[in-house]
Amino acid sequence: MSTETRYPPGPRGLPVVGNTVDLSRDIFAFFEELRDDYGHIASYEVFGTDACMVAHPDAIQQVLLDKHEAFEKGEVLTRNLADTMGEGLFVTGGEQWQNQRTQVQPAFYRDRLNTYVPEMRATAEETVEQWRDGMVVDVNDRMTEATMDVLGRTLFGVDVTENPIVSEASDAILARFDTSRFWSFLPDQIPTPTNRRYRQKLDQLNAFVDDLADQRRAQSPADRGDDLLSILVSFVEASDLTQEEFRDNMITFLFAGHETTALGLTYTLLCLAQHPEEQEKLYTEIDTVGDGRVTAEDLPGLEYMERVIDEALRLYPPVYMFFREATQDVVLQGYDIPAGTTLVLPQWAVHRDPEWWDDPEAFRPERFADDADRPEYAYFPFGGGPRHCIGMRFARMEMKTVLATILSEYTFELASEPNPELVASTNLKPGDPIEISLSQRERAGH
Ligand code: HEM
């Protein structure tokens with residue numbers, strides 16, 4: 001093999017806008033076509049800026065794990081998120097990131113997570129209590145409310161449903177970073193209605209978060225408990241965290257944690273609604289859990305459910321791509337990546353690549369049972385390496401708990417379009433509502 005390297009091949013789109021037009025039309029097809037036409041490492045241009053798609057699992061592993069020090073989150077992301085969460089865990093780098101990650105980690109230790117399960121179940125039960133036999137429900141809406149509520153209760157000890165600012169700000173912030181805006185490299189200081197609303201809601205949200213901290217500070221350390229809010233407050237008191245880092249982390253966790261998990265649940269319910277035979281297998285598994293009220297101890301036993309979730313996140317990864325920027329010249333799979341190149345790691349295209357997945361479009365949870373011989377990074381819904389999702393276990397526990405609670409009461413079928421349109425928004429969102437129609441289950445004792 002030659003040791004010579006070269007720049008990754010790729011199309012050269014229309015003048016000036018580069019491949020931007022193709023990209024915004026159908027970003028999912030764009031990366032799949034790029035991969036099929038030019039290979040797993042391919043270059044393209046957006047608004048005159050060179051970008052490079054990294055869709056080979058071994059190269060993804062290099063970027064996220066083996067050579068992670070040669071990459072950072074990158075200028076686009078840092079600039080876009082500077083106002084909302086620039087000093088938080090998702091955006092910071094180097095020592096500042098390391099320090100924050102170490103500080104908040106205890107809120108995500110396994111034992112700590114186990115204590116969140118009753119709250120997760122209580123939220124799920126409250127959701128299901130509103131449901132009736134024969135009802136049609138909009139899954140994404142209901143799951144978004146539930147995951148927001150869970151975050152509020154478990155990490156911050158507040159009932160966010162009582163204060164609309166969190167969901168209002170969430171909508172305003174997500175709208176501001178919608179689709180093309182997020183990755184389009186456009187200047188974002190233009191005072192559009194979306195931007196004005198965003199600014200106003202962000203101010204209100206910051207005030208709300210400061211207020212929460214004040215209330216917590218007013219309590220004696222012994223009464224504070226040890227949720228994420230208390231952990232952050234005590235680090236501010238010890239001067240290990242600035243007030244700005246505190247705020248940005250509160251906002252980071254609210255945002256990184258709720259829409260993603262709601263979408264994970266939505267797509268799992270979609271897949272199950274389309275596959276009654278898989279639903280059936282889950283009933284058998286869930287019915288082994290005593291009275292249908294799951295506890296933390298029951299969760300590891302729900303193995304089939306784990307595979308169902310894995311498979312739904314493969315087909316519909318809520319985070320369908322993310323970026324890195326090379327801080328030095330690197331070589332990936334024999335290709336030269338010059339310092340400053342923006343890399344995109346597209347879960348969507350990798351998770352559906354026939355090279356690693358048989359019949360990739362099919363929903364087949366068993367593929368996660370066998371230790372199929374595929375590269376580890378052919379599947380990365382939660383990222384990888386040191387910056388992998390800190391909330392991964394939290395999200396998995398929540399998804400299992402909510403699904404078990406729903407499935408112990410209801411069977412369901414799809415009441416909306418079988419192939420919903422998907423929107424490449426900040427996260428992978430359904431374009432139209434995903435609806436299921438419910439049938440109450442007959443269970444012993446019910
Ligand atoms: C199904 C649900 C979820 C998915 C698919 C998901 C996905 C991801 C991905 C792909 C990353 C890595 C991004 C990158 O490397 O650029 C990430 C990071 C992160 N996630 Fe999640 N996430 C989920 C749930 C959660 C939850 C529940 C929380 C918090 C409670 C959370 C908090 C975070 C944070 C703080 C980071 C940044 C970590 C760091 O840089 O050290 N996520 N997530």
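Residue numbers run consecutively from 1 along every chain, following the written order of its sequence. Residues qualify for local features only when their pLDDT is at least 70, as the model is predicted, and side-chain atom pairs are given and counted only at 80 or more; totals for whole chains, interfaces and linings, by contrast, use all residues. Excluding hydrogens and water, the side-chain values take into account all heavy atoms of the structure.

The protein goes by Cytochrome P450 in an unreviewed UniProt entry, where it is assigned to Halorubrum aquaticum.

*Asks:* Would you mind going over the sheet that holds strand β1 (residues 41-46) with me for this structure?
*Replies:* Across a sheet, paired strands are connected by hydrogen bonds in the backbone, their directions being either parallel or antiparallel. Spatially, the five strands line up as an open sheet ordered β1-β2-β8-β5-β3, and their pairing is mixed. The sheet is open, and its two edges are formed by β1 and β3 (71-72), each paired on a single side. Of the strand pairs in this sheet, β3 and strand β5 (residues 322-326) are connected by two bridges, and their pairing is antiparallel. By the bridge assignment for β5, E72 is matched with E325. Note on contacts: a residue pair qualifies if any of its non-hydrogen atoms lie within 4.5 Å across the two residues. Note on method: axes are straight lines fitted to C-alpha atoms, helices fitted across the in-contact stretch only, with angles between N-to-C directions ranging 0 to 180 degrees. Put simply, DSSP marks the helices as runs of H or I at least four residues long and the strands as runs of E at least two long, and each gets a number from the N terminus on. Where helix α2 (residues 27-38) meets the sheet, its contacts fall on β1, β2 (49-54) and β8 (342-345), and the angle it forms with β1 comes to roughly 130 degrees. Along the sheet, helix α3 (residues 57-66) contacts β1, β2, β3, β5 and β8; its crossing angle with β8, the most-contacted strand, is approximately 120 degrees. The pairing criterion is simple: DSSP has to find at least two bridges between the two strands.

*Asks:* Any chance you could explain the site of the ligand here in plain terms?
*Replies:* Throughout this document, a residue counts as near a molecule or strand when at least one of its heavy atoms sits within 4 Å of that molecule or strand. Residues in contact with the ligand amount to 28 residues; listed here are only the nearest, W97, R101, R324, R387 and C389. A 3.5 Å cut-off defines polar contacts: any pair of N or O atoms within that distance qualifies, except that in protein one atom must be a possible hydrogen donor and the other a possible acceptor, and neighbouring residues in sequence count only when both atoms are side-chain atoms. Contact distances for the ligand include 3.0 Å between an oxygen atom and a side-chain N or O atom of K73. Between the ligand and R387, the relevant distance is 2.9 Å, taken from an oxygen atom to a side-chain nitrogen or oxygen of the residue. Listed by contribution, the elements that provide at least two residues to the shell around the ligand are α6 (94-104), α9 (139-156), α14 (243-274), β5 and α18 (392-407). The element contributing the most residues to the shell around the ligand is α14, with six residues. The nonpolar class holds Ala, Val, Leu, Ile, Met, Phe, Trp, Tyr, Cys and Pro. Asp, Glu, Lys and Arg form the charged class, and all remaining residues, Gly among them, are polar. Taken together, the residues of the shell around the ligand sort by class into 17 nonpolar, seven polar and four charged.

*Asks:* What should I look at first to understand the sheet that holds strand β12 (residues 435-440) in this one?
*Replies:* Here we have three strands laid out as an open sheet, ordered β4-β12-β9, and antiparallel in their pairing. The outermost strands of the open sheet, each flanked by one partner alone, are β4 (136-138) and β9 (410-414). Each neighbouring strand pair of the sheet contributes to a mean axis angle of 40 degrees, computed without reference to strand direction. Sheet topology note: the β9/β12 ladder contains five bridges and is antiparallel. Paired with Y410 across the strands is Q440, a residue of β12.

*Asks:* What is the right way to read the side chain of N427 from this model?
*Replies:* With respect to the element layout, N427 can be found in the loop between β10 (422-424) and β11 (428-430). Judged by relative accessible area, N427 falls into the buried class, the value being 8%. What N427 contacts, discounting residues up to four positions off in sequence, is E259, T260, L263, P318, V319 and Y320. Only protein chains enter the accessibility calculation, which uses a 1.4 Å probe; a residue is then buried when its area is under 20% of its type maximum, exposed when over 50%, and partly exposed in between.

*Asks:* Explain the pattern of salt bridges to me, please; I cannot follow it from the model alone.
*Replies:* If charged atoms from side chains of opposite charge come close, those side chains can pair. What makes a salt bridge here is a side-chain nitrogen of Lys or Arg within 4 Å of a carboxyl oxygen of Asp or Glu, nothing more. Scanning the model with the defined rule gives 25 salt bridges in all. Measuring nitrogen to oxygen at the nearest pair gives 3.5 Å for the salt bridge that ties R153 to D149. With R153 and D149 both in helix α9, this residue pair falls four residues apart, about one helical turn. Put simply, D310 and R396 hold a salt bridge, and the shortest N to O gap is 2.9 Å. Here D310, found in helix α16 (residues 303-315), pairs with R396, found in helix α18; they are 86 residues apart in sequence, far enough to count as distant. A residue is classified by how much of its surface remains accessible, and R396, at 16% relative accessible area, is buried. Here the salt bridges do not stand alone but share partners, grouping E119, E126, D149 and R153 into one network.

*Asks:* Explain the packing of aromatic side chains to me, please; I cannot follow it from the model alone.
*Replies:* What characterises a pair of aromatic rings is the spacing of the ring centres plus the angle enclosed by the ring planes. Each aromatic pair joins two rings of Phe, Tyr and Trp (for Trp, the six-membered one) with centres within 6.5 Å, and gets the label stacked for planes under 30 degrees apart, edge-to-face for over 60, and tilted for any other angle. With the rule as written, the count across this model stands at 14 aromatic pairs. Centroid distance F28 to Y320: 5.8 Å. Interplanar angle 70 degrees. Geometry classified as edge-to-face. Of this pair, F28 sits in helix α2 while Y320 sits in the loop between α16 and β5; the two residues are 292 residues apart in sequence, bridging distant segments of the chain. What makes F28 buried here is its relative accessible area of 11%. Aromatic ring contacts, followed pair by pair, group F108, Y116, F253 and F394 into a single cluster. Working rule: Lys NZ or Arg CZ, within 6 Å of ring centre, within 35 degrees of ring normal, means a charge sits over the ring. Note that K73 overlies the ring of F90, its terminal NZ or CZ placed 3.9 Å from the centroid. Taking NZ or CZ as reference, R374 lies 5.2 Å from the ring centre of F368, over its face.

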